[in-house]
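What follows is each chain in one-letter form.
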Amino acid sequence: MDTTTCLKSLLLAIQQYRDSRTTQHAAQLQKHVEEVSCMKCEKLLSSGQVLPSECVSGLVELAGNPNTSPGLTSSIISLLAQLACDDSSREILHSSYNVTSTLAAVIHCHSNTPGEPLVLQCLQVLQKLTYNTRIFQSTSYIHELITFLMTNIQSHHEDTVMSCLGLMANLCRDNPSVQSHIKSLDNVKPFYRTLINFLAHNSLTVVVFTLSILASLTLNEKVGEKLFDAKNIHQTFQLVFNIVVNGDGTLTRKYSVDLLVDLLKNPKIADYLTRYQHFSACVSQVLGLLHSKDPDSASKVLELLLAMCSVSGLRSQLCDVVFRPAGPKLRAAQRKQGVGLDVGRKTEAGLALVQWLSSPVEGAESCSLQALQLLNELLEESLGAESMNEFTLSFVEMLLPVLLGLLKGLDLAQGDAHVRTHCRRITHVTSLLLNILHTTLPALTLPLLCAEDATRSLVSRQVHAQLCLSQVETLLSCCHSNSPLTHLPPGSDNDLSQVCADALLKTLELMSKLRQQVKDMETSFYRMLQDQRIVTPLSLALTSHHREQVQTGLVLLFEATPLPDFPSLVLGESMAANNAYRQREAELSIKRVAVQEVPPPRTNASVLDSSSASRSVSSLVEKIQTGLELQEQMKDSHVSEIIDVYEQKLAAFASKESRLQDLLEAKALALSQADRLIAQYRVQRAQAEAEARKLASLLKDAERRREELQGELSSQVLEVERSKADMEELLQHNSRLQKDSEEHQALKGAYNVLLNRFNEGERLLKELQMAHISLTKHNDTLRKNHETLREQHEKMASVLEEREEEIRSFHSELQQKNSDITGLRAELKAEEEKLKEKDRERGELEGTVDVLRKELNKTEQARKDASIKASSLELQKSQLETKLKLKEDELNKHSAMIAMIHSLSSGKMKNDVNLSL
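In what follows, the accompanying structure is described. Here the structure is a predicted model, which means the values were calculated and not measured.

Each value, and the rule that gives it
Residues numbered from 1 in each chain as written. Predicted model: local features only at pLDDT ≥ 70, side-chain atom pairs only at ≥ 80, totals over all residues. Heavy atoms only, no water. Helix = DSSP H or I, 4+ residues; strand = E, 2+ residues; numbered from the N terminus. Buried < 20%, exposed > 50% of the residue type's maximum accessible area, 1.4 Å probe, protein only. Contact = heavy atoms within 4.5 Å. Axes fitted to C-alpha atoms, helices over the stretch in contact; angles between N-to-C directions. Parallel < 35°, antiparallel > 145°, perpendicular 65-115°, else oblique. Nonpolar A, V, L, I, M, F, W, Y, C, P; charged D, E, K, R; others polar. Phe/Tyr/Trp six-rings, centres within 6.5 Å; stacked < 30°, edge-to-face > 60°. Core = buried A, V, L, I, M, F, W, Y, C linked by side-chain atoms within 4.5 Å. Salt bridge = Lys/Arg side-chain N within 4 Å of Asp/Glu carboxyl O. Polar contact = N/O pair within 3.5 Å; in protein donor to acceptor, adjacent residues only side chain to side chain.

**Quick notes on the overall build of the protein**
- For the protein, the count of helices and strands is 37 helices and 0 strands.
- Out of the 917 residues belonging to the protein, those deemed buried represent 42%.
- Considering only contacts in the protein between residues 6 or more positions apart, those separated by 24 or more positions represent 76%.

Quick look at the structure:
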């Protein structure tokens, strides 16, 4: 039985189970689910077919219904896990079918029995789906899922703890919203303590999961600083490197590599790793994993090495590990067997990288591209060093034939996936060759290279013009092909034409670098530049948003402009068209996101029964046109988005209707097949009715939002009027403050005059005090002399009788001195009274100054408050005027959109929909 027949049978069984939830129908549906599970379902979802999409939608809906039996739910979840075989399928299941919310709802329903097999199965599938996928905390049941995980991690249930830790690590990694939610919970500190206890667990997988969660939640906090400080970080490095090398399996190795990559994003921890003394030994052991044939392990190892190359201090150490040990053996190998790779030399790290470049292992395409990127980084570091050694030259000589072999084998008939992968490989290979040619220019002065560039000579001897010419011809035909090689929008990074253009321009740049060294290369290069087909890739490069592509395009344009047959006018038109397309895409980007089809969220409520969907699409149109009247006053940004969704849904329903009619006419003789098609038609109808109800609810929400915005607008108008009145009052108050400020300036001048007078009086007081002190000292001296003379007069009275005349003269002099002293005492008393008067005046002046200072401070503070309030009101006025203008523009746009909607709804749309039905 082929895949299409199985899927049709599965869809019929889903419909029968919806109509009647009997045990027989459940067993039949489970049987069909198991049959599909036994088939090869690789890339079934990414094929874009309608039948698998309908089957998966029905199965997800049934899995999220709590009334579905656990056995059937388990079978459905097993099938979903099998469908998630690659990254693109996991992304489709997460974004288009909302499987993450559905499984979280199943876990929430059975949260009381965490050890149940169904819960363990959901946890394992969720861990697979959420790996390297950002889950927003607004997703349904994510908060309940986080609570469930934290509860079971702290309960130490051995059956569920590993799955819970792995899922929690996925949710926390590179997800600030989930991290903030977890940190805001009340029980986060006990959760941290439980995680720290898990670091001593005997399972390496549990330890890696725990370290990943702690790094995501605490790396930039105090707890993380203690866990990953300079004392512990070296032990952490050793532990993680040991887990990478000796892990329990590919899963453990994946998470340990992701942990190291996350730690390297922290500059402090990256600096610690550059000083880690066992780094070279650990990297050598990690490189030893490349000798295995497991592409998953090799991909994670290469991812880790590329992350290390982003740290400048680690690049040179990686070069020492990869290149230098291989030097002597490489030279011996070249002398014996040329550049061949035998089994005995597989222990070298450089040879292991070369082996993955052209590995025949299935699924190793990403490993080949990663190995090319790594070699590009390492050779750029090694060849650009001040002293280039001969070991690197030997490695380059061995590497060149392998790189040239990767340029061959492009076949357009093998499909888009092969062409896209090969073009990316060509881009990386040519970039590596250009890097080899470019980085050796500073090394021309080395004695080893003497007069010529050694690596340029190696490349020019092995690259031939015919190889580049055939490569460019094939890529030109791919870029210029009219067949739809890709379903992606033109100009995007993953568009096949863009990928082919990148490879083509890199090849032309390589030809430009080697045109002087390789025979016939210059002729072929200029001939290709004059080909009319070069316009498309060159215009894509010149209008790209990648700096490297624009620079490459400019270099080639500079070479091609002087050529006589270069289509410059066509190039200008193509660039203008690309710019116009990009501008149009930017204008409609918001609209595209709004009309993107999103399935309804899965809840615990009972699903809609298809038997109740009896209304047709025509009745739905009639109801929307008559019952939901769109008034001209509707001004909401969601109305146009709802109408676009409505038109797209009707077109999709019409196309599905016509396809079902064709199938019915072709299979009219087969009754069983006709029944299946009718069931499929009923499923489509039920979905259409569900979508119609969803559109009706969106219209009601839009009307309610319009009324809210209208009320808000009226309140804003009143606010503006009040603000104008307040502004007038503030202007009047400002004029009053200006007058107060002038009075303040006058008072300040009077204060300065009084202050000068006070300073002059204080100076005079100090001078009088000095004079008073000197007179007091002179008075004390005279009193002492008077007492001495009196004693001498009493002792020598008998001797001085004959000298009475002299005594009388002395007595008269003494009287004169006493009179002088009396006069000085009177002057001293007068000066003391003047001093007291000055002190009194000084006290009065100080009181007046204090009063003036207080009034000045109050006036200054009032002026500051008034100026602050005036500036705040002016800012509010400008903001309100801007917002009012935006609202008026938005209202005018909505009026135009509503008029167009009325015209479409009343005429042409109704006729087209009825005809399609």
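**Here's the deal with the packing of helix H15 (residues 250-264) against helix H18 (residues 295-309)**
- Two elements in contact, H15 and H18, have axes whose closest approach is 10 Å; the angle formed by their N-to-C orientations is 10 degrees. In terms of orientation, H15 and H18 fall into the roughly parallel class. When H15 is examined against H18, the residues Thr250, Arg253, Lys254, Val257, Asp258, Leu260, Val261 and Leu264 are found in contact with a partner set consisting of Asp296, Ser297, Lys300, Glu303, Leu304, Ala307 and Met308.
- Across the contact of H15 with H18, the residue classes break down as 7 nonpolar, 2 polar and 6 charged.

**What to know about the packing of aromatic side chains**
- If you walk through the whole model with that rule in mind, you get 4 aromatic pairs.
- Between Phe237 and Tyr276, the aromatic rings sit 5.7 Å apart at their centres with planes inclined by 55 degrees, giving tilted as the arrangement. Note that Phe237 is positioned in helix H14 (residues 233-246) and Tyr276 in the loop between helix H16 (267-274) and helix H17 (279-287), a separation of 39 residues in sequence. The burial state of Phe237 is the same as that of Tyr276; both residues are buried.
- Aromatic rings pair up to connect Tyr131, Phe209 and Tyr255 into one cluster.

**Digging into the nonpolar core**
- By size, the foremost hydrophobic cluster in this structure holds 197 residues, and its most contacted members are Met168, Met308 and Leu508.
- Residue contributions to this core peak at 11 residues, all from helix H27 (residues 496-514).
- The contacts of Met308, once residues within four sequence positions are left out, are Phe241, Leu264, Phe279, Val283, Leu314 and Leu318.

**Looking at unusual backbone geometry**
- Look at Asn132: it is not a glycine, yet its phi comes out positive at around 60 degrees.
- Checked against the element boundaries, Asn132 lands in the loop between helix H7 (117-129) and helix H8 (142-155).
- Classification of Asn132 as exposed rests on a relative accessible area of 54%.

**Thoughts on the pattern of salt bridges**
- On inspection of all chains with the given rule, the structure shows 28 salt bridges.
- Here Arg315 ties to Glu381 by a salt bridge, and the two come within 3.1 Å at their closest N and O atoms. Highlighted residues: Arg315 in helix H19 (residues 312-322) and Glu381 in helix H22 (residues 365-383), separated in sequence by 66 residues.
- Between Arg842 and Glu846 there is a salt bridge, and its shortest N-O distance comes to 3.4 Å. Residue Arg842 and its partner Glu846 are located together in helix H36 (residues 804-906), separated by 4 residues, close to a single helical turn.
- By relative accessible area, Arg842 is classed as partly exposed at 33%.

**Looking at the side chain of Gln179**
- Topologically, Gln179 is positioned in helix H10 (residues 176-183).
- A polar side-chain atom of Gln179 sits 2.6 Å from the main-chain carbonyl oxygen of Cys172.
- Residues within four places of Gln179 in sequence aside, it is in contact with Cys172, Asp174, Ser216 and Leu217.

**Re the environment of Ser9**
- Structurally, Ser9 is set in helix H1 (residues 3-19).
- In sequence terms Ser9 and His32 are 23 residues apart; their C-alpha atoms lie 7.1 Å from each other.

**A few points about the environment of Asn152**
- Examined against the element boundaries, Asn152 turns out to sit in helix H8.
- C-alpha of Asn152 to C-alpha of Cys164: the two residues are 12 residues apart in sequence and 7.3 Å apart in space.
- Those residues within four positions of Asn152 in sequence are excluded, and the remaining contacts are Pro114, His157, Thr160 and Cys164.

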